[in-house]
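Overview (structure and organization)
Letter by letter, the chains look like this.
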Amino acid sequence: MTLDHWGEIKERLLKTVGQNNYTTWIEPLVPGAVEDGIVTLKVPTNFFGNYVSQNFSDLILHEINATGTDATRLNFALNQQPTPAAEKPAPAARQTSAAAKPAANSQLSTAPLDPRFSFDNFVVGKPNELAHAAARRVAEGGPVTFNPLFLYGGVGLGKTHLMHAIARELHERKPEMNVLYLSAEQFMYRFVQALRDRKMMDFKEIFRSVDVLMVDDVQFIAGKDSTQEEFFHTFNALVDQHKQIIISADRAPGEIKDLEDRVKSRLQCGLIVDLHPTDYELRLGILQSKVDVQRKTYPDLEVADGVLEFLAHRITSNVRVLEGALTRLFAFASLVGREIDMGLTQDCLADVLRASERKISVEEIQRKVSDHYNIRLSDMIGPKRLRSYARPRQVAMYLCKQMTSRSLPEIGRRFGGRDHTTVMHGVRRIEELKVSDGQIAEDLELLRRALES
Ligand SMILES: Nc1ncnc2c1ncn2[C@@H]1O[C@H](COP(=O)(O)OP(=O)(O)OP(=O)(O)O)[C@@H](O)[C@H]1O
């Protein structure tokens with residue numbers, strides 16, 4: 001039996017996966033036989049089949065069933081005859097490797113680029129300005145000055161956004177360049193696949209033929225010895241040829257556990273830049289820019305004064321959460337036909353607000369800070385005015401002000417019943433020192449990370 005309604009199934013998938021994913025991953029599929037609930041789909045390469053299987057098989061199964069065929073499982077088989085769709089490189093591949101060398105081009109597929117992730121809609125503020133500037137520089141595609149560019153930062157702070165923006169910009173400026181963007185997980189996956197299919201020569205050729213290699217979330221290969229080894233060789237081969245490498249991770253190379261020293265030291269050779277946790281101004285800027293995007297879908301919805309400021313103040317965890325909150329707010333407001341004001345925000349985002357409230361407590365901050373400076377908690381909170389206690393105390397007050405929604409008097413109360421002016425003085429002092437004293441800036445950064453992890 002063959003699969004009926006493939007056209008309709010594809011149309012439904014287009015709606016769920018979006019145009020980009022559709023053209024790259026769904027369009028080239030060719031329906032085959034249906035036997036005992038197993039639907040065969042023909043795919044142009046093994047890699048392609050595995051990617052679709054991992055990412056879209058549930059959806060595809062769902063849509064097949066929705067159009068009346070009883071299907072329990074998908075089977076991906078190599079398509080022996082090239083299909084019109086498979087003959088063309090997938091758009092995502094074209095996006096980043098328009099003029100790839102012929103030998104590599106037929107095999108070079110790259111992770112799809114998210115159309116929302118461009119430099120135009122990346123909001124720049126103090127915490128990310130360096131990372132942004134470095135990303136812009138490599139996106140010019142000029143001579144390689146630092147190799148690799150290593151971007152790191154906590155969850156949801158824009159690493160993937162910047163990586164996609166670089167790939168996109170490189171493609172636009174230098175379409176002849178062969179740019180390969182993929183996650184470290186995909187790197188490993190393709191490596192393992194090549195080993196299994198005895199295609200290591202092809203694998204090496206593909207990876208060594210790129211002009212720019214971009215690997216997202218490199219911490220993923222920690223502890224995976226043979227993948228690390230292959231990554232190391234790929235890395236060296238490309239650096240020797242003066243090809244640009246761009247890497248992202250959730251922490252600095254030296255802090256990635258179970259990463260071989262030689263890989264660490266390679267990663268440390270270039271420029272390492274850090275996406276710092278967002279500050280209030282950046283969060284507000286991001287919210288404003290995301291409101292402009294939402295307005296395209298909901299032109300009639302107004303956001304009352306104070307709502308964005310409130311969100312920027314309260315949701316400090318990461319940009320993804322902030323973005324999700326705003327999307328939910330617009331969808332909810334349009335459903336219930338209400339204006340987006342503080343009342344609606346509180347109703348609609350109660351869970352998010354509670355979670356971010358719960359996230360970091362004054363006590364946690366006090367504990368982390370006293371551990372960090374190796375002093376007793378009671379000394380930090382107590383009355384002693386020795387500098388070795390007073391400075392950590394001010395650091396802790398500063399972090400409480402920044403990372404919790406507690407007021408100055410409340411913070412004062414929890415620091416041994418101090419007055420709010422003492423807290424204010426402490427916060428100001430740390431703000432000054434943050435600029436003039438590298439050690440304090442570093443301490444704050446480490447503490448903030450530890451608290452947010
Ligand atoms: N400065 C920014 N301007 C606009 N949007 C941003 C900014 N920073 C992050 N975002 C948005 O936040 C979301 C999360 O960003 P992204 O996926 O790049 O995070 P990440 O650092 O790669 O996180 P993860 O560690 O989970 O992989 C994305 O939708 C991204 O567009």
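Residues numbered from 1 in each chain as written. Predicted model: local features only at pLDDT ≥ 70, side-chain atom pairs only at ≥ 80, totals over all residues. Heavy atoms only, no water.

Worth spelling out the cut-off: UniProt positions are given in the numbering used here, feature names are shortened, and annotations may be inferred rather than shown by experiment.
The protein appears in an unreviewed UniProt entry as Chromosomal replication initiator protein DnaA from Sulfitobacter faviae. Database annotation for the protein, UniProt heading Subunit (unreviewed entry): "Oligomerizes as a right-handed, spiral filament on DNA at oriC." Its UniProt record, at the heading Sequence similarities (unreviewed entry), says of the protein: "Belongs to the DnaA family."

A look at the site of the ligand
Test applied: Residues are labelled near a given molecule or strand when at least one of their non-hydrogen atoms is within 4 Å of it. In protein, a polar contact means a hydrogen-donor-capable atom and an acceptor-capable atom, both N or O and within 3.5 Å, with residues adjacent in sequence counting only if both atoms are side-chain atoms; elsewhere, any N or O pair within 3.5 Å suffices. Helix and strand assignments come from DSSP, with helices taken as H or I runs of at least 4 residues and strands as E runs of at least 2, each series counted from the N terminus. Boundary definitions for the domains trace back to an automatic or database domain assignment.
Residues in contact with the ligand amount to 19 residues; listed here are only the nearest, Val123, Gly156, Thr160, His161 and Glu323. Between the ligand and Gly156, the relevant distance is 2.8 Å, taken from an oxygen atom to a main-chain nitrogen or oxygen of the residue. Here Leu157 contributes a backbone N or O atom positioned 3.2 Å from an oxygen atom of the ligand. Looking at the shell around the ligand, the elements that each hand over two or more residues are α8 (159-173), α13 (280-297) and α15 (319-336). Split by domain, the shell around the ligand shows at least three residues from each of two domains, domain 2 (109-274) and domain 3 (280-356).

Details of helix α9 (residues 184-196)
Note the threshold: Expected helix span is given by 1.5 Å per residue-to-residue step, counting one fewer step than there are residues. Exposure is judged per residue with a 1.4 Å probe applied to protein chains only, and the accessible area is read against the type maximum: over 50% gives exposed, under 20% gives buried, and values in between give partly exposed. Any two residues whose heavy atoms approach within 4.5 Å are treated as being in contact.
In a regular helix each residue adds 1.5 Å, so 13 residues correspond to 18 Å; α9 covers 18 Å between its end C-alpha atoms and thus fits that length. Turning to α9, its buried residues number three or more, namely Ala184, Gln186, Phe187, Arg190, Phe191, Gln193 and Ala194. Contacts made by the buried residues of α9 are with α3 (46-66), β5 (179-183), α10 (200-208), β6 (212-216) and α11 (225-240). Following α9 by one or two positions, Arg198 has its phi on the positive side, about 50 degrees.

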